[in-house]
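# Residue-level structural notes
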Amino acid sequence: MFVIFGKYKKPIEDVERVLPAHREFLDKFYAKGLFVCSGPMVPRDGGVIICSAESRDEINNIMSQDPFFIEQITDYTIMEFKSTKARAD
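What counts, and at which threshold
Residues numbered from 1 in each chain as written. Predicted model: local features only at pLDDT ≥ 70, side-chain atom pairs only at ≥ 80, totals over all residues. Heavy atoms only, no water. Pairing = 2+ DSSP bridges. Helix = DSSP H or I, 4+ residues; strand = E, 2+ residues; numbered from the N terminus. Axes fitted to C-alpha atoms, helices over the stretch in contact; angles between N-to-C directions. Patch = residues over 30% accessible without salt bridge, like charges linked within 9 Å, V, L, I, M, F, W, Y side chains within 5 Å. Areas by Shrake-Rupley, 256 points an atom, 1.4 Å probe, with all protein chains shown as cover. Salt bridge = Lys/Arg side-chain N within 4 Å of Asp/Glu carboxyl O.

So, about the sheet that holds strand β4 (residues 74-80). The four strands are arranged β2-β3-β1-β4 in an open sheet whose pairing can be described as antiparallel. Of all the strands in the sheet, the pair left with one neighbour each is β2 (35-40) and β4. Mean inter-strand twist for the sheet, computed between neighbouring axes without regard to direction, equals 15°. Looking at chain direction, strand β1 (residues 2-8) and strand β3 (residues 46-51) are connected through six bridges and run antiparallel.

The structure is reproduced here in structure tokens:
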């Protein structure tokens, strides 16, 4: 499992402009069963994605498709962890 932390490096107006394309990107990987949950940080200066990819290479490939990455809106920090316990649902 991976936690992906995104930190905005451009003004919120740029974030809002690219947000529809970013949401389409998220939908694509939710449909593939890779994204578990996502959302904005509080305060809204970035976002978080929980991803069940198999490897860091797979994560790098996925995130290279994110319009926020392509448009250089967000810097990402990727943290891998081993989930040993989870809710049944």
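This is not the end of the story, as more comes after the structure.
For the rest of this paragraph, the subject is a nonpolar patch on the surface. Together, F5, M79 and F81 make up an exposed nonpolar region whose accessible area comes to about 240 Å². Within the secondary structure, M79 sits in strand β4.

All right, on to the pattern of salt bridges then. Overall, the coordinates contain four salt bridges when judged by the stated rule. Put simply, D45 and K7 hold a salt bridge, and the shortest N to O gap is 2.7 Å. With D45 in the loop between β2 and β3 and K7 in strand β1, this residue pair connects regions lying 38 residues apart in the sequence. The shortest N-O distance in the salt bridge between D75 and K9 comes to 3.1 Å. You can see D75 sitting in strand β4 and its partner K9 sitting in the loop between β1 and α1 (12-31), a full 66 residues away along the chain.

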